[in-house]
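Topology and contacts: notes
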Amino acid sequence: MRRRKELSEESKPGWKSIPIGGILLEPGSAIKYKTGDWRTFRPVIDKEKCTNCLLCGSYCPDGAIIREEKNVAVNYEYCKGCGICANECPVKAISMVEERR
Amino acid sequence: MSKILGLTGDGAVAYAVKQCNVDVVAAYPITPQTLIVEEFSEYVHNGEVHTEFVCVESEHSAMSACVGASLTGARVFTATASQGLALMHEMLYIASSLRCPIVMGVVNRTLSAPINIHCDHSDMMGSRDCGWIQIYVENAQEAYDWIIQAFRIAENPDVLLPVTVNLDAFILSHSLEGVKVLDDVEVEKFVSTRKPVLSINPDKPITVGALCLTDFFFETKRQHVEAMNQSPKTISKVNREFAELTGRGYDFIETYGMDDAEVAIICLGSTAGTAKAVAKSMRANGKKVGVIKPWVYRPFPTEQIVKTIENIKALAVLDRACSIGAPYGPLCSDVIATLYKEGIKLNVFNVIYGLGGRDMTPLDIEAVFNETLEIAKTGVIKEPVKFVGVRE
């Protein structure tokens, strides 16, 4: 069993120092919430097959498809691994690979 | 200069709200709370108040509108009863957890089925863990007085919790009493205007009601518990200031005859009035009986109850609600937990009474006192939970 400290609960602020009622005091703070660790399957793009059509990006509910200089890539900090991109890819360039941590 | 008006319990609540500079009232009528909404809407119609009155399609919507209004920094009131409170249930938690200092009049009526419009406390007791401060009153005067104090308590930055003021259906809601009311200016000075700590404001955006999972939810709840635990300081302070203004002193509990009582009854709401009258006549005949009436039910006045029962030998706890399947009714469970925690050995038994508006007569109460005296003498509790007033 992992100890509580290793789960990094200790590093977060306690009840005495957080704003009341779960209120967030700054706008646009969702970007700080890294949802990548929700993932059980990771989308992996085959650059050979990918035509950079960006349909995956249009369907991604989390805006986790990013454009790099020459290709499309996945932002794994936010990708929840839903697999919609793999399902929608017209050239089947995306495969879902099980996460192993 | 105070004057005396003939007001029903509901009327007293509406009159107090009229004087409290309330910005928004969102409410849905339900017997026996209807008079509150009806009379208040007349004040709105006549231009006697500046309040935005929101007619909603249900109590769920009423509380939702109250939460939204409260988050903008407005002073907010609503009222309900019975099924209405039950329909509000999920929003009650949201109001308190988002720390909205809403004040609500709850006219305690039983819950269906069978359908019944009369008094018992099963509506509020069904929502007792909703994180609101809960006050129970004995008469229309107390309803008036506590509504005014409730705004001060709820909106205090050290508290920021919603408050319910509970009054018994029909027994109080529809009975006319002489109520000493303050002048508008006196109330205005006492309650002032709400000064919100945080509010929804486009110039300084905040996010309210964001998803909060395993990493922060527990901390938020712990904070809520602490707010409730710290609220007694504010409640006492407001009670003191109200006493200075009106000469009417309030506290967490009211006691009668407890200085030398050998046995006592503890109960909520209007029954305490009958119990005090019965105690008075029994004491005149040399029976040392007393009455304890918690005004404040949440936060539970542990300290005050322990202090007052120090020297008694037996206690009857009267519950106008039953927690079916639990060992005792809700008030009795709290009292017994308190005694156990403090290591006090006292003969306690529970009386379930008055469900669906069944009268608790002076004779019934006298019988309870006599049984309590008998238990004090013998130390034998024949029935730990006794149903008084029900036909066998």
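Residues numbered from 1 in each chain as written. Chains lettered and ligands numbered in written order. Predicted model: local features only at pLDDT ≥ 70, side-chain atom pairs only at ≥ 80, totals over all residues.

Here's the deal with the pairing of strand β3 (residues 52-55) of chain B
Residues and elements named next belong to chain B. Threshold: One requirement defines pairing of two strands: DSSP has to find at least two bridges between them. For helices the rule is a DSSP run of H or I covering at least 4 residues; for strands it is a run of E covering at least 2, with both sets numbered from the N terminus onward. If you view a crossover with the strands going away from you and the path from the first strand over the helix to the second runs clockwise, you call it right-handed.
Alignment of strand β2 (residues 24-27) against β3, held across four bridges, turns out to be parallel. Within β3, the position partnered with Ala 27 by the bridge is Cys 55. The parallel pair β2 and β3 is bridged by helix α2 (residues 34-45), and the resulting crossover is right-handed.

Side note on unusual backbone geometry
With an omega dihedral of 0 degrees, the bond running from Ser 112 of chain B to Ala 113 of chain B counts as a cis peptide bond. In this structure, Pro 299 of chain B follows Arg 298 of chain B across a cis peptide bond, with omega equal to 0 degrees. One non-glycine residue with positive phi stands out, namely Leu 54 of chain A, at about 70 degrees. Mapping Leu 54 of chain A onto the fold places it in the loop between β1 (41-45) and α1 (55-59). Phi is positive for Arg 99 of chain B, close to 60 degrees, though the residue is something other than glycine. Tracing the chain through its elements places Arg 99 of chain B in the loop between α4 (82-97) and β5 (103-108).

Considerations on the interface of chain A and chain B
To be explicit about the condition: We call two residues in contact when their backbone-placed C-beta atoms lie within 7 Å. Each residue gets one label: Ala, Val, Leu, Ile, Met, Phe, Trp, Tyr, Cys and Pro are nonpolar, Asp, Glu, Lys and Arg are charged, and the others, such as Gly, are polar.
Between chain A and chain B, the contact holds eleven residues from the first and 17 residues from the second. Of the residues belonging to the side of chain A that touches chain B, the class tally is seven nonpolar, three polar and one charged.

Some points on the domain arrangement of chain B
Residue and element names in this part refer to chain B. Here is the rule: What counts as a domain boundary in this text is fixed by an automatic or database domain assignment.
Entries for chain B in the domain assignment read domain 1 (3-246) and domain 2 (253-388). Taking only C-alpha atoms, the centre of domain 1 and the centre of domain 2 are 28 Å apart. Between domain 1 and domain 2, the contact holds 29 residues from the first and 19 residues from the second. Contributions of two or more residues to the side of domain 1 that touches domain 2 are made by α5 (122-126), β6 (133-136), β7 (163-168) and α8 (217-246). The dominant element in the side of domain 1 that touches domain 2, judged by the number of residues it contributes, is α8, at five residues. Classifying every residue of the side of domain 1 that touches domain 2 gives 14 nonpolar, eleven polar and four charged.

Some thoughts on the confidence of the model for chain B
Reading fine detail from the predicted coordinates is not recommended where pLDDT is low. The criterion, for reference: Each residue carries a pLDDT score, the predictor's confidence in it, ranging from 0 to 100.
On average, residues of chain B score 97 in pLDDT, and 100% of them reach the 70 mark or higher. Both scores are available for the predicted complex, with the pTM at 0.92 and the ipTM at 0.87.

Description of the sheet that holds strand β9 (residues 253-256) of chain B
Residues and elements named next belong to chain B. Keep this limit in mind: Only the contacting stretch of a helix is used when fitting its axis, a line to C-alpha atoms as for every element, and angles between N-to-C directions run 0 to 180 degrees.
Pairing is mixed across the open sheet formed by six strands, whose spatial order is β9-β11-β10-β13-β14-β15. Bordering the open sheet on either side are β9 and β15 (385-388), each of which pairs with just one other strand. Neighbour-to-neighbour, the strand axes of the sheet open up by a mean angle of 20 degrees, direction not taken into account. Of the strand pairs in this sheet, strand β10 (residues 263-266) and strand β11 (residues 289-294) are connected by four bridges, and their pairing is parallel. In the sheet register, Ile 266 faces β11, and the bridge partner there is Ile 292. Set on the sheet, helix α9 (residues 271-284) makes contact with β9, β10, β11 and β13 (314-319); between it and β11 the angle comes to about 165 degrees. The strands touched by helix α12 (residues 362-378) within the sheet are β10, β11, β13, β14 (347-353) and β15, with β10 carrying the most contacts at an inclination of about 135 degrees.

Focus on the nonpolar core
The following threshold applies: By definition, a nonpolar core groups buried Ala, Val, Leu, Ile, Met, Phe, Trp, Tyr and Cys residues that are joined through C-beta atoms within 7 Å. Counting other C-beta atoms within 10 Å of its own, a residue is labelled buried from 20 upward, exposed at 12 or fewer, and partly exposed in the gap between, with every C-beta atom placed from the backbone.
Counting residues in each nonpolar core, the largest one holds 127 residues, and the members touching the most others are Ala 143, Ile 147 and Ala 264 of chain B. The greatest single-element share of this core, amounting to ten residues, is contributed by helix α6 (residues 140-155) of chain B. Built from parts of two domains, this core gets at least three residues from each of domain 1 (3-246) and domain 2 (253-388) of chain B. Excluding its chain neighbours within four sequence positions, the residues that come into contact with Ala 143 of chain B are Gly 9, Ala 12, Val 13, Val 137, Val 165, Leu 167 and Leu 172 of chain B. Listed in part, the twelve residues of the second largest apolar core include Ile 45, Val 72, Cys 79 and Cys 85 of chain A.

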